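# Overview (structure and organization)
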Amino acid sequence: MSYPHLEERNGKKVLMVHDRPFIMLCGEAHNSNSSSVEYMEKVWDKAEALGMNSMVMPVTWELVEPEEGVFDFSGVQGLIEQARRRGKKIGFLWFGAWKNAQGYYAPEWVKTDLVRFKRAQVVKGKNFIRNEKFYGTPYTTFSYLCEETKAADAKAFAKLMAFIKEFDGEENTVITVQVENETGLMGAARENSDEADALFAGPVPQDFADYMKAHTEAMTEDVKAAVEAGAAAGSWTEVFGEVAEEIFSAYYVSSYVNAVAEAGKKIYPLPMTANCWLNKPGEQPGDYPTGGPLARVMEVWHYCAPCIDILCPDIYVPFFTKVCEDMTKLGNPLYIPECATHSYAASRQLYCIGKHHAICYSPFGFEEMGDPFTNTMMFLFGADTTDPALQTPQKVEEYCALNRMLDSMKELIAEKYGTNDLQGSCIEEGPAAFFDMGTFRINAIFESPISARKDGGCLVLKESEDTFYIIVHAAMLQYASNDPARQSLDVLALEEGQFVDGKWVRGRRFNGDEVAITSYMEPTLLKVKLFAYD
Ligand code: DGJ
């Protein structure tokens, strides 16, 4: 039996657990909850109520290595045992030197040794700045150039992976690991210490410069323009022009993260991820954590961090589908460790799995899913007020129903990854979606005069030329023939139902009015057989 790993299917990656496909229908727990196994009981209850099959949660450096060289994995063990009792899987998040572009979770012995574990100098000679864009609060983070921090962080992570391998290497409760959390530097595009200045003025490693020049095809426009215009060799500014500082930061941040990941992977090669705090339009490097694994520096991460299998977006912005498009370039699988819990949560999941063949979809702070939005939640989720749906809570029962449907057919779904036989959409892509699948076109209408709902989504799976499984939520469906010689169409069979142990078990068989009016305001799993004729 192999360890959890990624397998290529038709050009897409599928997560395999015990050699069977697994899609993480997940939630990320609030930061501090997994520090108490006891507290986590109620968090698992909520995950259960939401039909989740897994959870992502932090393991923190401060708790596993409270004194240098003294390790305590009792909490980690407790979390794994707890998940096992509930028949669920875990994606651990290693909160090492980075958490939200800061060093929150480093142990005291690291934080207090400013000489050995250097802080990033956003401003030359200073260990911290006041973040004027954030109420003037002190901002401090570890230097991405500090070898001591990297070595200590990597050592602790390797110990963690050794523990997980020993305790869980057969059962495979832990299926993925995120290395660090939202890496990067706030306040400036790069560090400004003497050391950073010297490196920045020195030559770009030639292999890296060559790689970047040879991989401009999918680069974000401004990055591409700068990289193409720059010299073939020389200093960072000469080679990368306008984006030199950002690429410099990405080079060192990703190399740091890779060193940590590599130390753990050598011991236990679970799929490893790195997540990013996204940039918003108009923001400059330093307004968002510079150097983190954003789409705009994905090429840098691919070069410097081969031990990281997936680069992941934390999506709290309203342009959700654009982020998914951007983050799936260069074959990067869609793995969303964090997104909001508002009323698009369910339909977005259908879109992510149906359209992008996602490995993981995981609303953050799912403990509160369904609760009325508080100011704190709005603050955490980026306080976007342009769309009322972003302030309307997701209905728990609906989310649960959809998760159970997806979970019951996850192997069938994963079989179709990388093919056109699996498609999906949600209202954020437009008022209607057309799924062309061979002879037939299936049309999901998210905005219609007969529905007040504006939060629909749909996933369609083609089982055979004339038969489809459809998960539909807050939408109307229409069917059409794509064959010009056979434009007439009959719905031969339309059933609602569920998968039990991988087999279709039908509920009602729809006909008459229920075939004439195909509007589904609650999550529904359908099997439909179509017939085109002349
Ligand atoms: C992003 C972080 O990665 C999470 O740990 C959490 O702090 C959320 N932001 C809160 O919105």
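Nothing here was measured: the structure is a model prediction, and the numbers come from that model. (Residues numbered from 1 in each chain as written. Predicted model: local features only at pLDDT ≥ 70, side-chain atom pairs only at ≥ 80, totals over all residues. Heavy atoms only, no water.)

### Remarks on the site of the ligand
Near the ligand the following residues occur: Asn31, Lys99, Asn100, Asn181, Glu182, Asp314, Tyr316, Glu338, Phe364 and Leu380. Here Lys99 contributes a side-chain N or O atom positioned 3.0 Å from an oxygen atom of the ligand. Contact with the protein chains removes 92% of the 300 Å² of surface that the ligand exposes when unbound. When atoms are counted within 2 Å of each cavity's grid points, the one that captures over half of the ligand is the largest pocket. Grouping the amino acids of the shell around the ligand by side-chain chemistry returns three nonpolar, three polar and four charged. (Near = heavy atom within 4 Å. Polar contact = N/O pair within 3.5 Å; in protein donor to acceptor, adjacent residues only side chain to side chain. Areas by Shrake-Rupley, 256 points an atom, 1.4 Å probe, with all protein chains shown as cover. 1 Å grid on protein atoms, 1.4 Å probe; cavity = no way out; pocket = protein on both sides within 12 Å on 5 of 7 lines; lining within 4 Å. Sits in = over half its atoms within 2 Å of the grid points. Nonpolar A, V, L, I, M, F, W, Y, C, P; charged D, E, K, R; others polar.)

### Looking at the domain arrangement of the protein chain
For the protein chain, the assigned domains read domain 1 (5–415) and domain 2 (422–533). Using C-alpha coordinates to define each centre, domain 1 is positioned 35 Å away from domain 2. Every contact between the two is made by 25 residues of domain 1 and, on the other side, 24 residues of domain 2. Here domain 1 and domain 2 share an interface that buries about 2,000 Å² over both sides, 70% of which is from carbon and sulfur atoms. Where domain 1 meets domain 2, there are three salt bridges. Where Glu428 meets Arg348, a salt bridge forms, and the shortest distance between an N and an O atom there is 2.7 Å. (Domains from an automatic or database assignment. Contact = heavy atoms within 4.5 Å. Buried area = accessible area lost by both parts, 1.4 Å probe. Salt bridge = Lys/Arg side-chain N within 4 Å of Asp/Glu carboxyl O.)

### Considering the side chain of Ser343
Topologically, Ser343 is positioned in the loop between strand S13 (338–339) and helix H13 (345–356). Looking at Ser343, the relative accessible area reads 7%, which means it is buried. (Helix = DSSP H or I, 4+ residues; strand = E, 2+ residues; numbered from the N terminus. Buried < 20%, exposed > 50% of the residue type's maximum accessible area, 1.4 Å probe, protein only.)

### A closer look at the pairing of strand S5 (residues 54–60)
Taken across its seven residues, S5 has seven buried, putting it largely inside the fold. Alternating residues of S5 divide into Ser54, Val56, Pro58 and Thr60 and Met55, Met57 and Val59, and every residue in both groups is buried.

### Considerations on helix H7 (residues 206–214)
Within H7 the residues assigned to the buried category are Phe208, Ala209 and Met212. For H7, the buried positions fall inside an angular range of 100 degrees around the axis, keeping them on one side. Of the residues in H7, the exposed ones pointing more than 90 degrees away from the buried face are Asp207 and Ala214. As for H7, its buried residues are in contact with helix H8 (221–229), helix H9 (236–240), helix H10 (244–265) and helix H11 (298–304). (Arc of directions from axis to C-beta.)

### Regarding the pattern of salt bridges
Applying the stated criterion across every chain, the model contains 35 salt bridges. Between Glu48 and Arg404 there is a salt bridge whose closest N-O contact spans 3.9 Å. One end of the pair, Glu48, is in helix H1 (residues 37–49); the other, Arg404, is in helix H15 (residues 396–408), and 356 residues separate them in sequence. Arg404 sits in the partly exposed class, given a relative accessible area of 46%. For Lys410, the salt bridge is made with Asp407, and the minimal N-O distance between the two is 3.1 Å. The exposure class assigned to Lys410 is buried, which follows from its relative accessible area of 14%.

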